[in-house]
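# An overview of the molecular structure
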Amino acid sequence: MTSRIPRDSRLRLVRPRPLAAAPRAMNQRHARRPAPRPPEGTPAPAELARMARSGLAGAARLAHWADAALGPGRDGGTADGKATLSEATAERAAADLGLTAAQIRAEWDTARLAGLVEVHGDSARPGWRLRAWDRDDSAVLRGWVALFDAWSLASPEPADHEPAAVAEVVSAMPQVLSFLQLSAGPVPVEQLLDLLQQRVTELRTERCEVPYEPGTTRPGDAAPAASGPVVSSPSAVEAPRPAEVAPLAPLLDWSLHALASVGALTCGDGQATLTPLGSWAVWVKLEQICVAAQSPAGNIEQGAEDMLRGCAQLRPNAARAEYRAWLAARTVGSAVTELIDAARGEDALLRGLAFEALRVVGAPAEPDVRAVVDEPTLRPYALLWLAEHDGADPEDAHEVLTREEATWLWVDTAAAVSDHGEAPMLVRHLESAVQPTVPQLLDEVRAVGHPRTVQVLVALAAAHPDPALAKAVRRAAFQVHTGG
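Residues numbered from 1 in each chain as written. Predicted model: local features only at pLDDT ≥ 70, side-chain atom pairs only at ≥ 80, totals over all residues. Heavy atoms only, no water.

## What to know about the overall build of the protein chain
How we decide: In this description a helix means any DSSP run of H or I spanning at least four residues, a strand means any run of E spanning at least two, and both kinds are numbered starting from the N terminus. Exposure categories follow from relative accessible area, calculated using a 1.4 Å probe and restricted to protein chains: below 20% of the type maximum is buried, above 50% is exposed, and the middle band is partly exposed. Contact definition: two residues touch when any of their heavy atoms are within 4.5 Å. With residues, only the protein chains shown are counted as cover, and all accessible areas are computed by Shrake-Rupley using a 1.4 Å probe.
Check the secondary structure of the protein chain and you find 24 helices and five strands. Burial status across the protein chain gives 40% buried among its 484 residues. Once local pairs closer than 6 in sequence are excluded, the contacts in the protein chain between residues at least 24 apart make up 66%. Carbon and sulfur atoms form 54% of the exposed surface of the protein chain, whose accessible area is close to 25,900 Å².

So, in structure tokens, the structure goes:
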């Protein structure tokens, strides 16, 4: 017989698990896709890592120097809050390392892009890759791929071109790189220019932009002072005019030289060729895209919200593979913006999954995550992300949250369980509360002001097998509903 005497049920203090880690049927097995092999002739990972170490030797040397010379208690290496070296520090490094100040600044930028130096606010510190530089080949290759992904930042963009045109070329270059990788040899620059023009035209067509004849107007422009109408010929719509190709040539030249500066390709005699490192990196990204296209969820063409919904039922490793493939098909900036917009929605499950995907993004997402710390809905998730990014143990990262923030996060996660999980999961979710007793939990849940508090408490009362506890939870839900 069940006791009707109200009890002060004790709760075990355990770390909450991500919803994506909820166990599925024990007898369910996923067919493992055999690990793909890189194209024939690709060097072994150890040889690729040796090449990457060689190309980044100067950046690593400067990062080690900064670690020793600019550590805690010494003069900082940044002066303007933008992680740029001060004049004095650059001159000091140049004297110590036997380089010019300009070379020091270039190596510093390379070290930042490769993750050898991490910037946090107005200070910089050695990255974890620097600690593992001499013993971990995978850390070296990840650092080089991070530099490869940021190739457009490695060289100043042409000042005499509109930012929109530069952005179009950056967006079109993955297709050019894929063509170079599939060609497996030198490709004439003229052929690459033709391919770039085709891709840029496709991007403009997707935005419904139509090339206009000289002298005609674009929508929204003032009409020309002419007596009769100006009509563009059909050829202006069907294909770009030769005059439109010329402006892309300098931008292609800039792109190729920027990629060459990071060690992804070589240029000479009017031809471009991917280096072994560049060919391997492009193959890895193509493989990630192919994995997503062949996966059960197939989320590569979906927006962030639909992608996250498709990953909700996957195990953590499978979900992370989907995140990586989805990210590989997009620029980092646009992907991070999409994920944060999805996190701002009403679905708490998508909020948690969005930050799991941002963990896959890593350091490039830090500025955007810091920018949302003051948003109440995202604050607990952002603080946990930043704590883990700053090196905190995931088991202890929750200690950065205040009691109120932890309670708000508990309610938000409970809302996700209520919407997408099963009743036993909601009951087990009680174990993740920071409050030691159920009465304390209910008091603080009522005070935290989460918009889903009533629905969460009603669902918990309906799911809990203890009638006395269920009654107390229903009473708390009624008090919140009536403003008591």
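## Notes on unusual backbone geometry
Unusually for a residue other than glycine, A184 sits at a positive phi of about 55 degrees. Structurally, A184 can be placed in the loop between α8 (163–183) and β3 (187–188). Judged by its relative accessible area of 70%, A184 falls in the exposed class.

## Here we look at the nonpolar core
Stated precisely, the cut-off is as follows: As used in this record, nonpolar core signifies buried Ala, Val, Leu, Ile, Met, Phe, Trp, Tyr and Cys residues forming a set joined through side-chain atoms within 4.5 Å.
Core analysis: the largest hydrophobic core is formed by 64 residues, its most contacted members being L116, W144 and L196. Discounting chain neighbours no more than four positions away, the residues touching W144 are A52, L56, V262, G263, A264, L277, G278 and A281. V372, L384, V411 and V473 belong to the second largest nonpolar core, which has 62 residues in total.

## Remarks on the pairing of strand β5 (residues 271–274)
Condition: Following DSSP output, two strands are said to pair if at least two bridges run between them.
Only one face of β5 is buried, namely the one carrying A272 and L274, since none of Q271 and T273 on the opposite face is buried. The sheet contact formed by β3 and β5 spans two bridges and is antiparallel. Bridge assignment links P188 to a residue of β5, and that residue is Q271. In terms of strand pairing, strand β4 (residues 265–268) meets β5 through four bridges, oriented antiparallel.

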